[in-house]
Amino acid sequence: MDRKRVNGPELSVPPIFKKSMDVEPTVLVNQNKKRADQRGLDDIRPIYLKTGLVTQANGSAYIEIGNTKAVCAVYGPRQLKKAGFSRNGTLNCEFKFSTFSCTKRRNNMRDPQEKEFSQILVQALAPAVRLELLPKSAIDVYVNILENDGTSSCLSAAIIASSVALADAGIEMWDQVTACSAVLSEDQVLMDGTEDEEKRQTGAIILSYMPSLNEVTHILQSGKSETALTTQAVEQCIDGCSKISSVMATALLQSLDKSSGL
Amino acid sequence: MPIPVISPAEKSYIEQGVETDCRADGRGRLEYRHLVLETGLLSQASGSARCRLGNSDVLVGIKVEIGEIEQDQPNQGRISCNVECSPSASQQFEGRGADDLNNTLTLALERLLSGPQSGLDLDKLCIIPGQQCWVIHIDAMVMDCAGNLFDCIVMTTRAALFNTRIPKTEIQDLGDGEFEFEVMDDVEDAEAIAGWENLPMSVTLYKIGERYILDPTILEELCSQVTLTVGVNKTGQVCGVQKGGSGSVDPSLLTEMIQTATTLAGPLIQQLDAKLAEEEKNVLDKRRKGEPVQKLGFFAAVI
């Protein structure tokens, strides 16, 4: 029971609008191989990425992938809350959807899906961070999703923003971690699916990748697909990741210019 | 209690063993441990199964209940999963130590079973469209943790779902769009879950050094940096891929691991399903002849 807040009724549901029930669902891919927002099958949505949003944090980043918006703040390296010796640093990640970010209102407390995404963030970022240089320390990464246009794209936005924020905080890393998501249908891979596309397809995949070291740090696929399609989706996601890494590098260079060009 | 630790010497011993395809207990890299699987042991549950894979012990109980439909799927029943590691299963599970692991295992099981990739016919689970449906509650309890938990849980869940019987319902149309239904008490009339054969199996590969192994013991699990869980159904389709662990993997090795898991799952599903069907046939034969059905007993699985 959440005793800290004045709770509303236990069960409440979003209204069903009459107009949305009469409207015909739009075709996902039309004859010219274009999707609903005029992207090609292989195109990822435009990305806006900037560091320095949260002034109180050691490092922070704000990312927009299409309509998905996420903020990441990194605090660290700082002292471990529990006394005791640990040879390697600890990476703690907290992932949270804002309550207004999704179509259905999310709870204030972290639900199991958010706890799982937090663990996924740790698994995706840990291979890249040089934790062996930070004994007895903790690095805290907080990700807040402001708008959700595709759950897989939220997770990839979180990973990208976290990686850039970690670099912005001056934490030593082996490599940046990029992430890319895709939506799978019977025989097609649609890169970077929106929420609409995700709801109506048979599967989704998200992959995070370190471009210079050529290593995959996380893969998560849900839904059903043939093995060949999964393999193809993995390759396409890795290609997408390589494109995104140049966007991340540009954002970090810009932040350097801004701080040195005073 | 702290998480189990492993010494560098032991780690090196295990890594070299994996490299030469001869592990500490003599198995090859892609061999399973001894498996004991039994269904129908809990009388109060709609379906149950217990599996002992090596020393890992999982008990799954399934209860089917009548519930309200979900707003976005008004003509379908639904499945709810829960995995709990009993605090007695391992030293690190005391108090709230098992919370994170419970959450991970529950969500991984849900990812495999809820949705079209589970292959189950959820439309058949609907009683009154738009109002009432069958809700299948899957509760897995880990009683002994000795490595390779998730695969063991999925095997047991499949067997328990095979064993589950859903009571028949009779719907009466009261007119004016109002319906009433009655649940038949007769045990003989209960039906199996439609689409059970399409349930996916999970194969988890653990990367140690540059090789990967199946079904590790606890010590081997501590040596592995990356795990890859692949869900495969009997037609060879991939029903979910999830990476675990805090390491990273080369893309070509990743694709190879997915291929291997898909290839390994086929014969595994076939053999398990054949055994389950055989056991059921024996039980039904004995019941028809009026002979008592001998259960293995809870301790019989411990060798």
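Going by the structure above, here's the rest.
Residues numbered from 1 in each chain as written. Chains lettered and ligands numbered in written order. Predicted model: local features only at pLDDT ≥ 70, side-chain atom pairs only at ≥ 80, totals over all residues. Heavy atoms only, no water.

J.: Which residues make up the overall build of chain B, and what are the values?
T.: Tallying secondary structure elements over chain B gives five helices and 14 strands in all. For 303 residues, the compact-globule estimate of 2.2 N^0.38 gives 19 Å, and the C-alpha radius of gyration of chain B, at 21 Å, lies within 12% of that figure. Here chain B holds 303 residues, and the buried ones make up 47% of them. Sequence-distant contacts, at least 24 apart, represent 69% of the contacts inside chain B between residues at least 6 apart. Working note: accessible area of chain B is about 14700 Å², and carbon and sulfur atoms make up 50% of it. Computed over 26 positive and 46 negative side-chain charges, the separation of the two mean positions in chain B equals 7 Å. (Helix = DSSP H or I, 4+ residues; strand = E, 2+ residues; numbered from the N terminus. Rg over C-alpha atoms; globule rule 2.2 N^0.38 Å. Buried < 20%, exposed > 50% of the residue type's maximum accessible area, 1.4 Å probe, protein only. Contact = heavy atoms within 4.5 Å. Areas by Shrake-Rupley, 256 points an atom, 1.4 Å probe, with all protein chains shown as cover. Lys, Arg positive; Asp, Glu negative; His and termini not counted. Charge placed at Lys NZ, Arg CZ, Asp CG, Glu CD.)

J.: Give me the lowdown on the interface of chain B and chain A, citing residues and values where you can.
T.: Contacts between the two partners involve 32 residues from chain B, matched on the other side by 31 residues from chain A. Taking both sides of the interface into account, the surface hidden between chain B and chain A amounts to around 2600 Å²; carbon and sulfur atoms contribute 55%. Connecting chain B to chain A are one salt bridge. Across the salt bridge formed by R111 of chain B and E116 of chain A, the nearest N and O atoms sit 2.8 Å from each other. For the pair chain B and chain A, the number of links is 13 residue pairs in polar contact (both at pLDDT 80 or more). Secondary structure elements with two or more residues in the side of chain B that touches chain A: α2 (99-113), β14 (238-244) and α5 (251-289) of chain B. For the side of chain B that touches chain A, the leading source of residues is β14 of chain B, giving seven residues. A class-by-class count of the residues in the side of chain B that touches chain A yields eleven nonpolar, 17 polar and four charged. By the bridge criterion, four bridges tie strand β9 (residues 215-225) of chain A to β14 of chain B in an arrangement that is antiparallel. Following the sheet pairing, L220 of chain A is matched in β14 of chain B by Q242 of chain B. (Buried area = accessible area lost by both parts, 1.4 Å probe. Salt bridge = Lys/Arg side-chain N within 4 Å of Asp/Glu carboxyl O. Polar contact = N/O pair within 3.5 Å; in protein donor to acceptor, adjacent residues only side chain to side chain. Nonpolar A, V, L, I, M, F, W, Y, C, P; charged D, E, K, R; others polar. Pairing = 2+ DSSP bridges.)

J.: Now, about the nonpolar core: what can you tell me, with residues and values included?
T.: If you look at the biggest cluster of nonpolar residues, it comprises 81 residues, and the most contacted ones within it are I139 and L207 of chain A. In contact with I139 of chain A, other than residues within four places in its own chain, are V74, Y75, G76, P77, T90, L91, N92, V129, L131, L134, L166 and I171 of chain A. Among the nonpolar cores identified, the runner-up in size contains 50 residues, and I79, I128, I166 and I269 of chain B belong to it. (Core = buried A, V, L, I, M, F, W, Y, C linked by side-chain atoms within 4.5 Å.)

J.: Give a detailed account of unusual backbone geometry, specifying residues and quantitative values.
T.: Residue and element names in this part refer to chain A. Here the bond from G76 into P77 is cis, since omega is -5°, no more than 30 degrees from zero. Tracing the chain through its elements places P77 in strand β3 (residues 68-79). Even without being glycine, D192 reaches a positive phi, approximately 55°. Inspection of the secondary structure assignment puts D192 in the loop between β7 (189-191) and α4 (195-199).

J.: Would you mind going over empty space enclosed by the protein in detail, with residue names and values included?
T.: Residues and elements named next belong to chain B. Overall, the coordinates contain four cavities of 30 Å³ or more when judged by the stated rule. When its volume is computed, the largest cavity comes out at roughly 90 Å³. Lining of the largest cavity is provided by 13 residues; of these, A108, L112, T229, G240 and Q242 occupy positions nearest its centre. The set of elements that each furnish at least two residues to the lining of the largest cavity consists of α2, β13 (226-232) and β14. (1 Å grid on protein atoms, 1.4 Å probe; cavity = no way out; pocket = protein on both sides within 12 Å on 5 of 7 lines; lining within 4 Å. Points joined across faces, edges and corners; volume = space filled by probe spheres on them.)

J.: Hey, could you go over the side chain of E220 of chain B for me, with residue numbers and the actual values?
T.: All names here are of chain B. Note on placement: E220 falls in helix α4 (residues 218-223). On the accessibility criterion, E220 (3% relative accessible area) is buried. When sequence neighbours within four positions are dropped, the list of residues in contact with E220 reads I14, R23, A24, R27, I208, I213 and D215.

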